[in-house]
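Structure at a glance
The primary structure of each chain is shown beneath.
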Amino acid sequence: MKHIFICGESYIGYTVHVKGADSMTTSGYFENVGWLRGALEKAGYQVTYMPSHVALDQFPDTVDKLKAYDLVILSDVGANTLMMTTTSFRSSLPAPDRCKALKAYVEQGGALIMVGGFMSFTGIEGKARYGVTPIADVLPVKLLPYDDRVEVSEGVVPVTVDKGHPIFKGLPEEWSYFIGYNRTEADPQRGRVLASIGGDPFIAVGEFGQGRTAVFTSDCAPHWAPKAFLESPAYGILWKNLADWATGGKA
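Here is a short report on the structure shown in this document.

About the cut-offs
Residues numbered from 1 in each chain as written. Predicted model: local features only at pLDDT ≥ 70, side-chain atom pairs only at ≥ 80, totals over all residues. Heavy atoms only, no water. Helix = DSSP H or I, 4+ residues; strand = E, 2+ residues; numbered from the N terminus. Rg over C-alpha atoms; globule rule 2.2 N^0.38 Å. Buried < 20%, exposed > 50% of the residue type's maximum accessible area, 1.4 Å probe, protein only. Contact = heavy atoms within 4.5 Å. Areas by Shrake-Rupley, 256 points an atom, 1.4 Å probe, with all protein chains shown as cover. Arc of directions from axis to C-beta. Axes fitted to C-alpha atoms, helices over the stretch in contact; angles between N-to-C directions. Parallel < 35°, antiparallel > 145°, perpendicular 65-115°, else oblique. Left-handed = near helix turned anticlockwise from the far one by under 90°. Nonpolar A, V, L, I, M, F, W, Y, C, P; charged D, E, K, R; others polar. 1 Å grid on protein atoms, 1.4 Å probe; cavity = no way out; pocket = protein on both sides within 12 Å on 5 of 7 lines; lining within 4 Å. Points joined across faces, edges and corners; volume = space filled by probe spheres on them. Pairing = 2+ DSSP bridges.

Some remarks on the overall build of the protein chain
Scanning the protein chain from N- to C-terminus turns up 8 helices and 14 strands. Against the 2.2 N^0.38 benchmark of 18 Å for 251 residues, the protein chain shows a C-alpha radius of gyration of 18 Å, consistent with a compact globule. For the C-alpha atoms alone, the extent of the protein chain along its principal axes is close to 60 × 45 × 35 Å. Expressed as a percentage of the 251 residues in the protein chain, the buried residues total 51%. Restricting the contact set of the protein chain to residue pairs at least 6 apart, pairs at least 24 apart contribute 70%. Just so you have it, the protein chain exposes about 11,800 Å², and 51% of that area is on carbon and sulfur atoms.

Okay, structure coming up:
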């Protein structure tokens, strides 16, 4: 059984409620990984999940540690979480470069998928910042140097470009709508765009060294991904196919 490592898809919320002359606060911890994790486990993969706040201290920091997994998925977790380790940020001591380790992991035969979100690619207000990391060197698209979010309240429907690719096996020809995505730029020398959204890459794949990478530039959970997609058979088929391709075969 192949092993997938998912990092991200979590947050801690803090809300101020103003009620006339009075105010109060509430807080909570939330995870949105359930749909993705469930789809991959149903497809026969073993899944290890690491929330964003845990990754600050525990994200694998060497190629050897990353090689425990056949595929790494980064979803809505910014580059700062990988670059600002507890050791380097809190103690000002040197620590391994985890972005550099991920790049080397791919080049030595590992697989990486980046999923869209406010803290993916370049992200909200440019805060995700992957374009300034070594990870950008092994992504099949170019990242923008500024806030790359595209919000489409009326919905936008992706278009499959390469219908014969195995990632689309068993999928319907028509996609669900999406409410937004991260804008990236196609680069034929880096990878192949298999589907587009709003004229921009939606699904793209590439091979770097001995490894493979893919991007899915919208979300695997709300708010960009609607229930029409999350609860459809196509959701599970897509993530199984993406994982199968990225890892070079079936689970």
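With respect to helix 1 (residues 34–42)
Buried residues of helix 1: L36, A39 and L40, and no others. End-on, the buried residues of helix 1 take up no more than an arc of 95°, which puts them together on one face. Where helix 1 terminates, the next one or two residues include G44, which has phi positive at roughly 100°.

Comments concerning the packing of helix 1 against helix 8 (residues 233–246)
Two numbers describe a pair of packed helices, the interaxial angle and the distance between the axes. Close contact between helix 1 and helix 8 brings their axes to 9 Å; oriented N to C, the two are set at 65°. Classified by the angle between their axes, helix 1 and helix 8 sit roughly perpendicular to one another. The chirality of how helix 1 crosses helix 8 is right-handed. Residues W35, L36, A39 and L40 of helix 1 touch helix 8, and the partners they reach there are Y235, G236, W239 and A243. Here the residues of the contact of helix 1 with helix 8 are counted per class, giving 7 nonpolar, 1 polar and no charged.

Description of the layout of surface pockets
Unoccupied space between atoms shows up once a probe the size of one water molecule is rolled over them. Its volume calculated, the largest pocket comes out at about 390 Å³. Together, 20 residues line the largest pocket, and S10, Y11, S52, D76 and M119 are the ones closest to its centre. Among the elements of the structure, strand 2 (10–19), helix 2 (52–58) and helix 4 (79–83) are those that each provide at least two residues to the lining of the largest pocket. Residues of the lining of the largest pocket, tallied by class, amount to 7 nonpolar, 9 polar and 4 charged. Of the volumes computed, that of the second largest pocket is approximately 210 Å³.

A short note on the pairing of strand 12 (residues 192–197)
When strand 9 (residues 159–160) meets strand 12, the two strands line up antiparallel, connected through 2 bridges. Of the residues in strand 12, the one forming a bridge with T160 is A195. In this structure, strand 12 lies alongside strand 13 (residues 200–208), joined through 5 bridges in antiparallel fashion. Bridge pairing in strand 13 places V193 opposite A204. If you look at the hairpin formed by strand 12 and strand 13, you'll find 2 residues sitting between the two strands, and G198 has a positive phi there, around 60°.

Focus on unusual backbone geometry
P222 connects to H223 through a cis peptide bond whose omega is 15°. Tracing the backbone shows H223 in the loop between strand 14 (211–216) and helix 7 (227–230). One non-glycine residue, F121, adopts positive backbone phi at about 55°. Along the chain, the position of F121 falls in the loop between strand 6 (111–115) and strand 7 (141–143). Among the residues examined, F121 registers a relative accessible area of 0% and is labelled buried.

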